[in-house]
Amino acid sequence: MNTLWLYLYFPQLQLDLQPGPAQQEPPAADAKAQPLVLLHSQELRVHQANTAARQLGIRPGQTLAHACALCATLQVLPWQPELEQQLLDMLALDCYQLCADLALAPPNALWLRLDPMLQLYGGLPLFLAQLTGSLHKYPLQFHYGGAVTAEAARLLCLHQPGHIAQSLSAQQLALQQCPVTLLDLAPALLQQLQRLGMQQLGPLLSLPPAELSRRFGAELSRYLQQLQGRLPPLLRYYQPPEQFSVTLELLYQLEHHPQLLAPLRHLLQRLQHYLQRRDLLCYQLQLELTLRDTPALCLKLHSPQAEARAERWLELWQLKLEALKLPAPVLGLRLSASQYCSRDQSSADLYAGKQGQYSPLQLIGLLQAKLGAEQVRRPIQLPAFLPEVAGSSIAVQRLGNADLLPSGLQVQQSAPAYGSEARADNSTLSSSVQSQQPTAHRPAFLFATPEPLQQQVRLLPGLERIQSQWWQGHNEARDYLTAQSADGRWLWVYRTDQQHWFVHGVFA
Amino acid sequence: MQLSELKQQGHVWHLSQTPQAQHISCPTGYQELDLLLGGGWPAQQVIELRTAFGIGEFRLLLPYLQHQTKRNKLLVHINAPASLHAPFLSSQGLPLWQQLEVRAKAQDALWAAEQCLKSGCCSTVLLWQQTLNIARLKRLQLAAAEGQAELFLLRSAEPTQLSLPVGLSLSLHADPQGLEVRVLKRRGGWPGARQLVNFSQRWPRLIWQKDRHHAGQAAPVAVAL
C-alpha cells in the first residue's frame, strides 16, 4: 500500500492565534474592523495581514511604507518566530491526538503521515472531518494537501490547497502544473532552473535523472527522488513534551494583580487541556512573572488536592495573588507545572447525601493559598518523653500527600513507601504510646516556649519528673505539677533544678 | 425601635417560625448540661462561649468532639491561644488526621472559618476571636447551615462586648467541682439559667476535692521572679 502524507499549512499562524486583549472580546467583529499586520522586524516588510488589511490591498511582502500608505489606521505588531513556534507546538500536540506520526515543518506547517491511521478512522474523509473539527476550535486559517510523498504533499498544499493525490500516478499528474519556485531548493538553483525556461515541475520530472544530476548537482536529484518517493523523507517525528510549560508575552503592561487573572486564565486553560489529554492531575504550579527593570518574580502554588480544572486553579491563584504586591509592571507570564499524578482513584460516595463544596484536601489548599503554607498545621505525635517533642505541630504541606488523609478516607495499605519519617513515627507511636501510658496526664494546649510563672497558683498533689536525655543538648530535670491560678485556670507548671517555675501547658 | 426592626435583627422571633435545625441537637456528654440546653448543643449553628482560657472549656466540649469524630470530617482550630498537644488529643480518642490548626489575622480568621464551615468537610470549627460584627456573624451562620457544621466561638468574658445575635451564648466560670455554665442567650429558651457541670467523674485529677481543697490552700506557692 502507498504511503499517504498530509501537509497542514497555517498561513497566518501568529495573527490568528495571537493571545492578547483582542482575544478576550468577541474576535470576529473586532478583528475584522481593525486592519492588522505583522511586520518582519529585520526586513521591515509585511509578513502577515488580516482580512481587513487584505481588503485594503495590503499583501505580505510589501514594505511598511507601502502598507501605511494604503491604510492610515493600520495596526502593526512585530512578527515573533518564537511565538509562532510555540503555537505550532500547541497545534502539533492537538494533532498528535489524531495522528501518531507527525513532523513539524517550521515555521508554520505540519506533516501528518496518514496511511497507518486510515484503518482506525475508516477512511480518508472521516479522518479529515475529525481533523478539521479539531482545528476549527481555533480561529485559524489552514490549508492542506495530500500526496504519496511528504514533499509532494507540501507542493500540492501550496499549489492546489485541498487536493489529495492517493496514488503515485495521480500525484505525478497533479504536480505537472506546479511552479518551480515552490520547490524547497536553494534560491540559486531555482534561478538557474528558471533561466533555463523551466517554469513548471512537469517538464523537469520528464528529464533523465542522470543528466539532471550531472548538470545541477546531487542536491536537485536527491530532492526529486524524495519527491517521487524513491528516497525516504528526512523528517524527525514529533514527540510531545514531558513537562507543561507555557509562556505568554503581554503586549501591554499590567500593574495590578486583578488584571493578571485574565491572562492567567488563558494559561490555566491550556494547562487543563494538556492535563485532560493525558488524563493527569497536577499538584504544583509555578508562575514566573517577567517584570520591567526588575528580576523576574517566581511564585509557587501547591494544592494538596491534585487538580486539572482551570477554574479551581484560578480560584487558588486569586487568593495567592491577593497577598502579592507587584514591585514593577508585568510584561510576561510563564506557567509551568510539576508533580503530576494520575487521575483520582477514589470516588465520592453516591449515597452519602448532600456533598460539600470542597473535599478536605481542596479546603486545605484553599487555606494554604490565602494564609500561607506555614499557617495551616496539624498536630503530630512522636515517641519522646519531653512534652514539646512528643507533641508538636507541622505544616500540612510538609506531610506527604499520602499522609494527609489516612485511616478513614483512604485504604491504608495503599500508601506508597514514600520516605516520610513522620508517617512511620505516627503509626508506630500511636499504638505504643497508647498501650504503655494509657493515663498520661497531659494538657490540651502546650505553649511553644514555656512561660515564666508570674502569678500565685495552688498546686494539686501529684508530681511527674521528666528528664531530658543527655544527647538533647542541655540536660535538665523538670518536675511537672498541676496547678490552678487564682482566676481558675488549670495550668501545667514545672520546676527546674534551679527552682525556676514555668508554665508549659494549659488544661483548657 | 419598632417590632419589625427587632424581628429583622433576630432579637424577637415567633415560636412557630423557629427554624427546623433548631430542634436537632447533639448531646454534650454531660447530663446536667443537656438538661440546661434542652437536649444538647444546637446543630449547624454558631455557639458563643464567653470564657477565660484554661478553665475547662475544651474539656466541656470534649465528649461532643469525641462523638463527632465518627463523621470522619475535619475539626478545625482557628487561632487557638496555644498549640494543641497531640498526646492529649490521641489519648482522648481524637484522631490526629482530623485535626487542623490554622493561624491567621483577625479578618483572615473569619474568612477561614467561613470557608471551613461552607466546605462540608468539617464537622466542627473552633474559633478563638474577640471581635466580630453582626454581618460577619450572619455569614458564618449561613455557612454553618450550608456545610452542616457547628462553629464554637470562644471569646473572653469581658462584659462590655457587643452582644451578638447567636443561637446560643453561654458564659463559663471556674468552679472547684468543674465548670459553672450560665445561659446568656438561647433561642427558644430563657436566659439566666445556670448549672454546675461536674467534672469529678471524667476529670478526677482536675478538680478540688473537699479535703484537698484545704490542703491546697494551706500550701500556696508564691513565686518571686
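Residues numbered from 1 in each chain as written. Chains lettered and ligands numbered in written order. Predicted model: local features only at pLDDT ≥ 70, side-chain atom pairs only at ≥ 80, totals over all residues.

Caption draft 1: Examining the overall build of chain A more closely. Looking only at helices and strands, chain A features 20 helices and 18 strands. Counting every position in chain A, which comprises 508 residues, the buried fraction comes to 31%. Put simply, 56% of the contacts in chain A that link residues at least 6 apart link residues at least 24 apart. (Helix = DSSP H or I, 4+ residues; strand = E, 2+ residues; numbered from the N terminus. Buried ≥ 20, exposed ≤ 12 C-beta atoms within 10 Å, placed from the backbone. Contact = placed C-beta atoms within 7 Å.)

Caption draft 2: Here's a closer look at the nonpolar core. Core analysis: the largest hydrophobic core is formed by 109 residues, its most contacted members being Ala113(B), Leu117(B), Val125(B) and Leu151(B). Composition of this core by domain shows at least three residues from each of domain 2 (245-342) and domain 4 (445-506) of chain A. Not counting chain neighbours up to four residues away, the residues in contact with Ala113(B) comprise Ile78(B), Val125(B), Leu127(B), Leu140(B) and Leu151(B). Ranked by size, the runner-up nonpolar core spans 41 residues in total, among them Trp5(A), Phe10(A), Cys99(A) and Trp111(A). (Core = buried A, V, L, I, M, F, W, Y, C linked by C-beta atoms within 7 Å. Domains from an automatic or database assignment.)

Caption draft 3: Examining the interface of chain A and chain B more closely. On the chain B side, the residues contacting the 58 residues of chain A number 50 residues. Residue assignment for the side of chain A that touches chain B shows that the elements contributing at least two residues are helix H17 (360-371), strand E12 (376-381), strand E13 (391-395), helix H20 (421-436), strand E14 (445-452), strand E15 (457-467), strand E17 (490-495) and strand E18 (501-506) of chain A. Relative to strand E6 (residues 99-102) of chain B, E12(A) runs antiparallel, the two being bridged by two bridges. When the bridges of E6(B) are listed, Val376(A) appears paired with Val102(B). (Pairing = 2+ DSSP bridges.)

Caption draft 4: Seen up close, the sheet that holds strand E5 (residues 102-105) of chain A. All names here are of chain A. Within the open sheet, the four strands sit side by side as E5-E6-E1-E7. Their pairing is antiparallel. A strand with exactly one partner marks an edge of an open sheet, and here the two such strands are E5 and strand E7 (143-147). Averaged over neighbouring strand pairs, the angle between their axes works out to 20° when direction is ignored. Direction of pairing for strand E1 (residues 5-9) relative to E7: antiparallel, over a ladder of five bridges. When the bridges of E7 are listed, Trp 5 appears paired with Ala 147. Against the sheet, helix H9 (residues 150-159) makes contact with E1, strand E6 (109-113) and E7, and its axis sits at roughly 140° relative to E7, the strand it touches most. (Axes fitted to C-alpha atoms, helices over the stretch in contact; angles between N-to-C directions.)

Caption draft 5: Seen up close, the packing of helix H13 (residues 209-216) of chain A against helix H14 (residues 218-227) of chain A. All names here are of chain A. It is at 6 Å that the axes of H13 and H14 come closest, and there the two elements cross at 140°. One finds that H13 runs oblique with respect to H14. Counting all contacts with H13, which are made through Pro 209, Leu 212, Ser 213 and Phe 216, the residues of H14 involved are Ala 218, Leu 220, Ser 221 and Leu 224. In terms of residue class, the contact of H13 with H14 is built from six nonpolar, two polar and no charged. (Parallel < 35°, antiparallel > 145°, perpendicular 65-115°, else oblique. Nonpolar A, V, L, I, M, F, W, Y, C, P; charged D, E, K, R; others polar.)

Caption draft 6: Geometry of the pairing of strand E10 (residues 178-186) of chain B. All names here are of chain B. Across eight bridges, the pairing between strand E9 (residues 168-175) and E10 is antiparallel. Within E10, the residue paired with Ser 169 across the bridge is Lys 185. Adjacent in sequence and paired antiparallel, E9 and E10 are bridged by two residues. In terms of strand pairing, E10 meets strand E11 (residues 194-198) through five bridges, oriented antiparallel.

Caption draft 7: Focus on the sheet that holds strand E4 (residues 75-78) of chain A. All names here are of chain A. Here we have three strands laid out as an open sheet, ordered E3-E2-E4, and mixed in their pairing. The open sheet has two edge strands with one neighbour each: strand E3 (45-49) and E4. Sheet twist, expressed as the mean angle between neighbouring strand axes with direction ignored, is 40°. The pairing of strand E2 (residues 36-40) with E3 spans four bridges and is classified as antiparallel. Looking at the pairing, Leu 39 lines up with Val 46 of E3.

Caption draft 8: Structural detail: the confidence of the model for chain B. Residue and element names in this part refer to chain B. Confidence in the prediction of chain B, expressed as mean pLDDT, is 85, and 88% of residues score 70 or more. Taking the mean pLDDT of every element in chain B, the minimum, 49, falls on helix H7 (residues 210-218) and the maximum, 95, on strand E4 (residues 74-78). For residues 212-220, every residue scores under 50 in pLDDT, and the model assigns this stretch nine contacts once sequence neighbours within four places are set aside. (pLDDT = per-residue confidence, 0-100.)

Caption draft 9: A look at the pairing of E1(A). All names here are of chain A. Across the five residues that make up E1, a large majority, four, are buried. Taken together, the five bridges between E1 and E6 define a ladder with antiparallel strand orientation. Looking across to E6, one finds that Tyr 9 is bridged to Ala 109.

Caption draft 10: Seen up close, the packing of helix H15 (residues 257-278) of chain A against helix H16 (residues 310-322) of chain A. All names here are of chain A. Packing of H15 against H16 leaves a shortest axis separation of 9 Å and a crossing angle of 150°. Relative to H16, the element H15 is oriented roughly antiparallel. Like other packed secondary-structure pairs, H15 and H16 cross with a definite hand, here right-handed. Packed against H15, whose contacting residues are His 257, Leu 260, Leu 261, Leu 264, Arg 265, Leu 268, Gln 269, Leu 271 and Gln 272, the element H16 presents Ala 310, Trp 313, Leu 314, Trp 317, Gln 318, Leu 321 and Glu 322 at the interface. Here the residues of the contact of H15 with H16 are counted per class, giving 10 nonpolar, four polar and two charged. (Left-handed = near helix turned anticlockwise from the far one by under 90°.)

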